[in-house]
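Structural overview
What follows is the residue order along each chain.
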Amino acid sequence: MPFDEARYVREVLDPARLAGGAPPVDVRRRYQLTDAMSAAEITETVRQVRQCWRRSRQKLKYRKVIDALEADHAKRYTAIFQDAANGDLGKLKAEIKQSAEQEGRRLADVRRRLGDAAGKLRLLAPDVVAGIAKSAGMRSEDAEKLAAELRIEVREPDQLPQSPPYAAYAKVRAALDTMGQRHLAGFVFPEVSTGIRVMGDIPGIMDKVAGLEREAQRKTRGPWTESADTVFSGLRNTPDPAALLRYDIAARLRERVREHPYDDTLMRHVTDDLGLDPDDAKRLVFAIRQESGVSGGPGGRLRELIEAGQVQAAVDFAEALPAQALTGESAELVAEVRARLAKAARLRDASRAQTDPDQAWSMLEEALSAVPDLPGAEDLLARLPPEPPAGARAHLQDDVVAITWQPSTSRAGEIGYEVYRNGVLFAEVTRPNAADERPPVNKPVVYSVAARRKQATSAPVACAPLTFRPEPEELRLTAVDGVVTGRWRTPPEALRVVVTRDGRPIPAEGSGFRDRDVRDGTTYVYVVAAVYPDGRGEVVTPGLRRSVTPQARPEPVESFTVESDPGGQGELLIRCAEPPSGVLEFVMLPAEPRWPYGATVPLREVRAAGPVLPATPTRDGYLVRPAHVSGVLLAVTVVGDGATIGAHREHVNLTAPRRVSAVRRGGTVHVGLEWPTDVPEIEVQWGERRLVVSSAAYRSQGGIRLDIPEVESPTIQLTPTTVVKGARIRGPAVPVTLSAVVPIRYEVRAEGAPWRRELVVSLTAERPVQVTRLVLVIKPGRIQPGSADDGRVIGEWSDVSPPARLTVPMPRQAKPYWLRCFAEGPVELVDPPVRMLKVGK
């Protein structure tokens, strides 16, 4: 099909021009291509289309469209059509498919925007449709067709009266309120409760008013008839009574719109509350929305400009409008913005005469807060810099240059600071300090600081010149057994590194030194400094000072024991001989140490092998809070950066028993404890004797019973234990110490005449002993007393030495009751038979 230039201009260029210069997205439409074209036909059609572009560009109205088409062609389509001319249509077909999909998305977006703009009313103004079409690059007619498909009506909003047609409308409104009428139309048509029509011509309205007036005259005079006369007078004296009805409805709607209701809420109010016809209600709401700025109108444009801070633009817009357009809310907005602009202009002009920059700044800021787009105000602010900072100082802190200064004395506006390095800005801060973490090395640097207030900047204040020369990095000195060694990393810009010991030069080679001319136990001060060139010679840095004390080779720990601290809360008490020099540390390793006993290795290797357990030296040893893991506990002696390997023992995380108690029962000791959940067995040791008790045996026997004579004072150790790899492993032990006791036997008898009976307590012992305190307790009932507090004391004696005979009067107590003695001191009372202790059945 031959190329039709007139059709191309009509279908492509004109719609693109009307759409703001946006060319069509569809490639087929842009180049007038069809699916049936061959490669040769496509090439020829594209050539003719581009010739049409060149001819059309001579017309000013098409120039913007043609420039966009040519730019797009050069950027995206030149290579595609070159491949098509060579017979390869693959890229062109892919581009056509992609552009068709993009065109579909564009149409879907236009549909969505039209639906959103129409809202619940399904009405749109033609200018709104044209704006959506222009932004989407399509013709207004096409957008209106899409709106019709979406059942959206495109129409101009009805022009509602902005001012009352009747000068005394306020009195008419008050009279309607007095009579309880919804609105003026409801008063004129009282027989119609819903579906009232107020839009367009209302035939016979004055005849209806005359009939209502005759009915009112037949009523008794009163407030109602007086209010009705006011309404009738307003209708008779209005050139167009229908316009007064419409204005009354519009005024009520404008008041309701200020509450920002949704469209469906406003429609429900007009149809249900005011009783208007649904079609008239839709037209009224649409017209009110347009004039209130929801979809356009002078009031809406004014509000939009004001909310955007363009007060000057709002005043300019109002000046361009006719006087009759500035009514109602629009007039109020114009009066407001004019007053704001006048006040702001006075402040701006007054600031020019101010000699105090801070006062002038405050006046201009107040003016801009009222009118953000006030002409000339920003230029005036740019000529009001703050006072410069004072006392600027730059100094080195390690490898960082710290810059400090005193804040600007200006108080108006937000003061910030610009920091320069050799005249080049490198930091912007709000506080009076900054840091240069990467200063140039071995180059003189001058830092300066300027105060900034918006676009106005003060004169910079310079610091004293400074040259950053870093010291040697990663310096590490090691002092062991008469030798001090040092290692470091030389800065790249440095010539070399020099070392002194107490002011005496020490030879250094490369990145280290070895000093053998030292004595153990003596502290030496080494200074390691870098040497830099400065153009006139060499400069030596202040250097890094390190104090070290060589120590003799530390001795390893030969052995150590581990037990539970009796007075602690889960700590381990490690007992060992204190090494003569060095610091003792305990390291938890996952396996046997790879270093032999007595070897001295770098401390970092030991630290890397396992964690160091915090140890607190005490009079009895070292208190260690163990890690809750099993492993090998290694003792190392640390001197400087070296560690000497000592003894080790396998440590299993066996929790020590808690709440251990030991009670004598004659020649038997009853041991009780709180069995740890992760311990299978406990080893009990007293003297040379040992006993391994399992958890099951402990529970079945109700504790542990040991045969220990009363004359012995043993220390019983309870150690959690288990068997690992055929060897028995023991955890921390818990010791319990018992003192030796002397058994004392006693008898209680009643003696004497019936009128003078008394209780006799007889004591006997195998060895001489003294009872610190002895009490005789009586307890009524059938349960014997368990302690001295479990009953009533009827006899008490101190410092009693068996054999002894003690008496107390016979107590007056109803039977049955119990008698029992309790003693204090290094003794153990042996109770007599029950028949002596229990009286009565």
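Structural data are supplied above this passage.
These numbers were taken from a predicted model, which means no experiment stands behind them. All chains use their own residue numbering, which begins from 1 and follows the written sequence. With pLDDT at 70 or above as the cut-off, local features in this predicted model cover only qualifying residues; side-chain atom pairs require 80 or more to be listed or tallied, and sums for whole chains, interfaces and linings still use all residues. As a rule here, side-chain values come from all non-hydrogen atoms in the structure, and water together with hydrogens is ignored.

Now for the overall build of the protein. Going along the chain from the N terminus, every DSSP run of H or I of four or more residues is numbered as a helix, and every run of E of two or more is numbered as a strand. What the protein contains, in helices and strands, is 22 helices and 45 strands. Over its C-alpha trace the protein gives a radius of gyration of 54 Å, far above what one expects of a compact globule, namely 28 Å for 841 residues. The buried share among the 841 residues of the protein stands at 44%. Any pair of residues with heavy atoms lying within 4.5 Å of one another is described as a contacting pair. In the protein, of all internal contacts separated by at least 6 residues, the share reaching a separation of at least 24 is 62%. Note on areas: Shrake-Rupley, 1.4 Å probe, and residue coverage restricted to the protein chains presented here. Of the accessible surface of the protein, which amounts to about 44,900 Å², a share of 49% is contributed by carbon and sulfur atoms. His is not counted here, nor are the chain ends, while Lys and Arg score as positive and Asp and Glu score as negative. All charge positions are set by atom: Lys at NZ, Arg at CZ, Asp at CG, Glu at CD. For the protein, the centre of its 117 positive side-chain charges and the centre of its 112 negative side-chain charges are spaced 3 Å apart. The quantity called the radius of gyration is restricted to C-alpha atoms. Its globule counterpart is 2.2 Å times the number of residues to the power 0.38. Throughout, exposure labels follow a simple rule: accessible area from a 1.4 Å probe, protein chains only, divided by the maximum for the residue type, with under 20% read as buried, over 50% as exposed, and the rest as partly exposed.

Quick look at the nonpolar core now. What we call a nonpolar core is a set of buried Ala, Val, Leu, Ile, Met, Phe, Trp, Tyr and Cys residues that are connected through their side-chain atoms within 4.5 Å. Among the nonpolar cores identified, the biggest contains 61 residues, and Leu-114, Val-188, Val-231 and Leu-245 are the most heavily contacted of them. Of the residues forming this core, the biggest block, 9 residues, is contributed by helix α12 (residues 241-257). Non-local contacts of Leu-114, meaning those with residues more than four positions away in its chain, are made with Leu-124, Val-129, Ile-132, Ala-143, Leu-146, Ala-147, Leu-150 and Ile-152.

A separate point is the sheet that holds strand β44 (residues 827-830). Sheet architecture is open: 4 strands sit in the order β42-β39-β38-β44, paired in mixed fashion. Since the sheet does not close on itself, it has two edges, and those belong to β42 (804-809) and β44, each with one partner. For this sheet the average axis-to-axis angle between neighbouring strands, irrespective of direction, equals 30°. Only when DSSP finds a minimum of two bridges between them are two strands counted as paired. Convention adopted: a line fitted to C-alpha atoms gives each axis, helices being fitted over their contacting stretch, and angles between N-to-C directions are expressed from 0 to 180 degrees.

Note on definitions: the grid is 1 Å and covers protein atoms alone; a cavity is a set of points where a 1.4 Å probe fits but cannot get out; a pocket is an open set with protein on both sides within 12 Å along at least five of seven lines; lining residues have an atom within 4 Å of a point. Grid points are joined across faces, edges and corners, and a volume is the space filled by probe spheres set on the points. Applying the stated rule across the entire model yields 1 cavity of 30 Å³ or more. Of the pockets and cavities examined, the largest cavity occupies roughly 50 Å³. If you trace the largest cavity, you find it lined by Val-12, Pro-15, Ala-16, Ala-22, Pro-23, Pro-24, Arg-29, Gly-137, Met-138, Arg-139 and Asp-142. Sorting elements by how many residues they give to the lining of the largest cavity places helix α1 (residues 5-18) first, with 3 residues. Just so you know the grouping, Ala, Val, Leu, Ile, Met, Phe, Trp, Tyr, Cys and Pro go in nonpolar, Asp, Glu, Lys and Arg go in charged, and all remaining residues, Gly too, go in polar. Of the residues assigned to the lining of the largest cavity, the class counts are 7 nonpolar, 1 polar and 3 charged.

This part covers the pattern of salt bridges. The salt bridge definition used is simple: a Lys or Arg side-chain nitrogen within 4 Å of an Asp or Glu carboxyl oxygen. Scanning the entire structure with this criterion turns up 44 salt bridges. In this structure, Glu-70 engages Arg-50 in a salt bridge whose closest nitrogen and oxygen atoms are separated by 3.0 Å. Residue Glu-70 is found in helix α4 (residues 60-85), and its partner Arg-50 is found in helix α3 (residues 39-56); the two are separated by 20 residues along the sequence. Across the pair Asp-158 and Arg-155 runs a salt bridge, and its minimum N-O distance is 3.3 Å. Judged by its relative accessible area of 18%, Asp-158 is buried. Within this structure, Arg-30, Asp-72, Arg-76 and Glu-95 form a network of salt bridges that share partners.

Okay, unusual backbone geometry next. Only a minority of non-glycine residues have a phi that is not negative, and only a minority of peptide bonds are not trans. Along the chain, Pro-802 connects to Pro-803 via a cis peptide bond; the corresponding omega equals -5°. On the secondary structure map, Pro-803 appears in the loop between β41 (792-800) and β42. Note that the residue after Lys-815, namely Pro-816, is joined by a cis bond; omega there is 0°. In this fold, Pro-816 is placed in the loop between β42 and β43 (817-824). The residue Gln-32 is not glycine, and still its phi comes out positive at about 55°. If you trace the backbone, Gln-32 turns up in the loop between α2 (27-31) and α3. Using a relative accessible area of 11% as the deciding quantity, one classes Gln-32 as buried.

This paragraph deals with the packing of aromatic side chains. Pairing of aromatic side chains requires ring centres within 6.5 Å, counting the rings of Phe and Tyr and the six-membered ring of Trp. Pairs whose planes differ by under 30 degrees are stacked, by over 60 edge-to-face, and all others tilted. Under the counting rule described, the total for this entry stands at 12 aromatic pairs. Taking 5.1 Å as the distance between ring centres and 85° as the angle between the ring planes, the aromatic pair formed by Tyr-169 and Tyr-247 counts as edge-to-face. Note that Tyr-169 is positioned in helix α8 (residues 169-179) and Tyr-247 in helix α12, a separation of 78 residues in sequence. Residue class for Tyr-169 comes out buried when judged on its relative accessible area of 7%.

Along the chain, Ala-450 falls in strand β9 (residues 447-453). The spatial distance from the C-alpha of Ala-450 to the C-alpha of Ile-66 is 51 Å, given a sequence separation of 384 residues. Non-local contacts of Ala-450, meaning those with residues more than four positions away in its chain, are made with Pro-389, Gly-416, Tyr-417, Glu-418, Tyr-420, Thr-457, Ser-458, Ala-459 and Pro-460.

Another aspect to go through is the packing of α8 against α12. Their axes nearest at 12 Å, the elements α8 and α12 cross at an angle of 75°. One way to sum up the angle between α8 and α12 is to call them roughly perpendicular. Counted together, Tyr-169, Arg-173, Leu-176 and Asp-177 of α8 and Leu-244, Tyr-247, Asp-248, Ala-251, Arg-252 and Glu-255 of α12 form the full contact between these two elements. For the contact of α8 with α12, the residue count by class is 5 nonpolar, no polar and 5 charged. Small angles under 35 degrees read as roughly parallel and large ones over 145 as roughly antiparallel, with 65 to 115 read as roughly perpendicular and the rest as oblique.

To continue, consider the pairing of strand β15 (residues 496-501). By the alternation rule, side chains of β15 split into Val-497, Val-499 and Arg-501, which are all buried, and Arg-496, Val-498 and Thr-500, of which none is buried. Bridging between β15 and strand β18 (residues 524-533) involves 6 bridges; their strand directions are antiparallel. Bridge pairing in β18 links Arg-501 to Tyr-526. In terms of strand pairing, β15 meets strand β16 (residues 504-506) through 3 bridges, oriented antiparallel. Residue pairing in the sheet places Val-499 in a bridge with Ile-506 of β16.

Attention shifts here to the sheet that holds strand β17 (residues 512-515). Overall, antiparallel pairing links the 3 strands, which are arranged β13-β14-β17 in an open sheet. Since the sheet does not close on itself, it has two edges, and those belong to β13 (473-480) and β17, each with one partner. Adjacent strand axes in the sheet meet at a mean angle of 10°, parallel and antiparallel pairs treated alike. Where β13 and strand β14 (residues 483-489) come together, 6 bridges link them in antiparallel fashion. In the strand pairing of β14, Glu-473 is matched with Arg-489.

This part is about the side chain of Ser-408. By the secondary structure assignment, Ser-408 is in the loop between β4 (400-406) and β5 (416-421). We classify Ser-408 as buried; its relative accessible area is 3%. We call two N or O atoms a polar contact when they sit within 3.5 Å, provided that within protein one can donate a hydrogen and the other can accept it, with sequence-adjacent residues counted only if both atoms are side-chain atoms. Side-chain polar atoms of Ser-408 contact the backbone oxygen of Glu-387, separated by 2.5 Å. Here Ser-410 takes part through its backbone nitrogen, which lies 3.2 Å from a polar atom of the side chain of Ser-408. What Ser-408 contacts, discounting residues up to four positions off in sequence, is Pro-386, Glu-387, Pro-388, Pro-389, Ile-415, Tyr-417 and Ala-451.

Bringing the side chain of Glu-683 into the picture now. In this structure, Glu-683 sits in strand β32 (residues 681-686). Within the structure, the side chain of Glu-683 is placed 3.0 Å from the side chain of Arg-690, a separation counted as a polar contact. What Glu-683 contacts, discounting residues up to four positions off in sequence, is Arg-690, Leu-691, Val-692, Gln-717, Leu-718, Thr-719, Thr-721, Arg-728 and Arg-730.

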